[in-house]
Amino acid sequence: MSLEEKSNVELGIIGAGGMGRFYAQRLSKAGWKKVYVCDLPEKYEKLKDDFQGTAINVLPDGFAVSRRCDWIMYAVEAEYIDSVVAKYGPATKMGAIVGGQTSVKQPEIDALTKYLPPDVHIVSCHSMHGPGVDPRGQPLVVIRQRATDEKYELVLKILSCFESNFVHLSAEEHDRITADTQAVTHAAFLSMGSAWKANFQFPWLVPHFVGGIENVKVNVTMRIYSNKWHVYAGLAIMNPIAKVQITQYARSVADLFKLMIQEKEDELRARVKAGGEYVFGGLQKDHVPILLSDDILDEFSLSKMPKDQRTPNSHLSLLAMACITINSIPDVDCWYTLRLNPYEHMVCQTPLFRLWMGITEYLFRDPNMLEETIQAALYRKEIRSDDMEFVTCARGWAESVSLGSMDGYQKRFQETAAFFEDRFSESTILGNNMIAMISKNMDKSA
């Protein structure tokens, strides 16, 4: 791109939360000379203080951004996208390009199409990671709703500074993939955290929650709860596909638990085998695993517990994701029943989905660990209370999502986050290092 473009094209971001600031800082660092940002009018003075001494320009509100900027991104919470675009969209500069960064795209595209003037171009995007993750090599979805070739190419030039991998999708395709990947992934980790809190457990002190893939579970759960609740609520509640799948995930968890407490070994084994064969049976012998060895994963542990004190776990959260649901309806989240191959979605992977896929793959492709897991699920009665609490929490999260209750979601999230907040700083460092190492491992295999 030319120096003239970077000097003259004016870039504007409406919303100065985590991703809004991340985009503004990255664009400014890449040499775009006219980067503007705004937030709610009452946050104007505070925002000016935050960006004092930088090359980023702070404007009073979305009207100021809309009237002057050539490229505009709405970085607001998904539940507010309609009202915010309705307010500022009609003031958009003639010929400008507008998009959004929300995690649910159909409501965003509907709002942009409805409220923007017809002479405005619409190209949306979604970085498939949070603001604390290095964007290099991460997927960046680009949705071309209406735009000339010239305007579309300008958007790609602007976004190229993230050094991400562009994934070109429609809004409908984006929402289907994020429902299949992010929504249920988040629900599983959220349920783990709520269950630990309900049992007054810090998992790094419990023998069957320590070591290897347990470290991944703990670090990712802490990572989610250290972020803002609305990041996950909007994706789950505003995406109708996600609602169905999260509800079914909770049902799958409960169904497997019923087999476990009745010690129906043949039925449990049949379901585990069916799910494992469908999802992982077709992998080539030279397939490079997503995760690394237990010894390497142990480097990212919050626990100091010696290996000889660790005990087996049922991994109910992982078994429920991969296994068949008997007599289920077609639209369910279980990979087997959906005929969904999660490896096909790796092009749109988030760091959390990559880790979720990694620990599930790790379990199902290690016969000894899988056998140990089945035995623990059926016969280790001392962990039944933990599994029961996980079932309860999975259903609780599914109910919040099904009812469309943002308030209920927020309360449930924040109460659990408060329980663990003292360990967030340490777990964030460990989680970032773990993601970086696993990403490097996948890059080598590409």
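Scroll up to find the structure this text is about.
Residues numbered from 1 in each chain as written. Predicted model: local features only at pLDDT ≥ 70, side-chain atom pairs only at ≥ 80, totals over all residues. Heavy atoms only, no water.

Visitor: Sorry if this is basic, but what is going on with the overall build of the protein here?
Guide: Counting its secondary structure elements, the protein contains 20 helices and 8 strands. Within the protein, contacts between residues at least 6 apart in sequence are counted, and of these 78% link residues at least 24 apart. Only carbon and sulfur atoms are counted for the fraction: they give 51% of the accessible area of the protein, which is about 18,700 Å². (Helix = DSSP H or I, 4+ residues; strand = E, 2+ residues; numbered from the N terminus. Contact = heavy atoms within 4.5 Å. Areas by Shrake-Rupley, 256 points an atom, 1.4 Å probe, with all protein chains shown as cover.)

Visitor: Is there a simple way to explain the packing of aromatic side chains in this structure?
Guide: The geometry of an aromatic ring pair comes down to the distance between the two centres and the angle between the two planes. The tally for this structure, following the rule as stated, stands at 14 aromatic pairs. Between phenylalanine 63 and tyrosine 88, the aromatic rings sit 4.8 Å apart at their centres with planes inclined by 85 degrees, giving edge-to-face as the arrangement. Of this pair, phenylalanine 63 sits in helix α4 (residues 62-68) while tyrosine 88 sits in helix α5 (residues 81-88), placing them 25 residues apart in sequence. In textbook terms, an aromatic cluster arises when at least three aromatic residues are bridged by ring pairs, as seen for Phe202, Trp204, Phe419 and Phe420. Taking the ring centre of tyrosine 152 as reference, the NZ or CZ of arginine 144 above it sits at 4.6 Å. Positioned above the aromatic ring of tryptophan 397, the side-chain terminus of arginine 412 is 5.5 Å from the ring centre. (Phe/Tyr/Trp six-rings, centres within 6.5 Å; stacked < 30°, edge-to-face > 60°. Lys NZ or Arg CZ within 6 Å of the ring centre and 35° of its normal.)

Visitor: Looking at this structure, how should I read the nonpolar core?
Guide: The nonpolar side chains of a soluble globular protein tend to be buried, and buried together. Ranked by internal contacts, the top residues of the largest apolar core, which has 75 residues, are Tyr249, Leu268, Trp356, Tyr409 and Phe413. Among all residues touching phenylalanine 413, those that are not within four sequence positions of it are Leu190, Ile224, Tyr225, Asn227, Lys228, Trp229, Tyr232 and Trp397. (Core = buried A, V, L, I, M, F, W, Y, C linked by side-chain atoms within 4.5 Å. Buried < 20%, exposed > 50% of the residue type's maximum accessible area, 1.4 Å probe, protein only.)

Visitor: Help me understand the environment of proline 90 in this model?
Guide: Within the element layout of this structure, proline 90 appears in the loop between α5 and β5 (97-100). Spatially, the C-alpha atom of proline 90 lies 9.9 Å from that of leucine 112, the residues being 22 residues apart in sequence. Proline 90 has contacts with Val85, Tyr115 and Pro117, leaving out every residue within four places of it along the chain.

Honestly, that's just the spatial picture; any functional story needs more than this.
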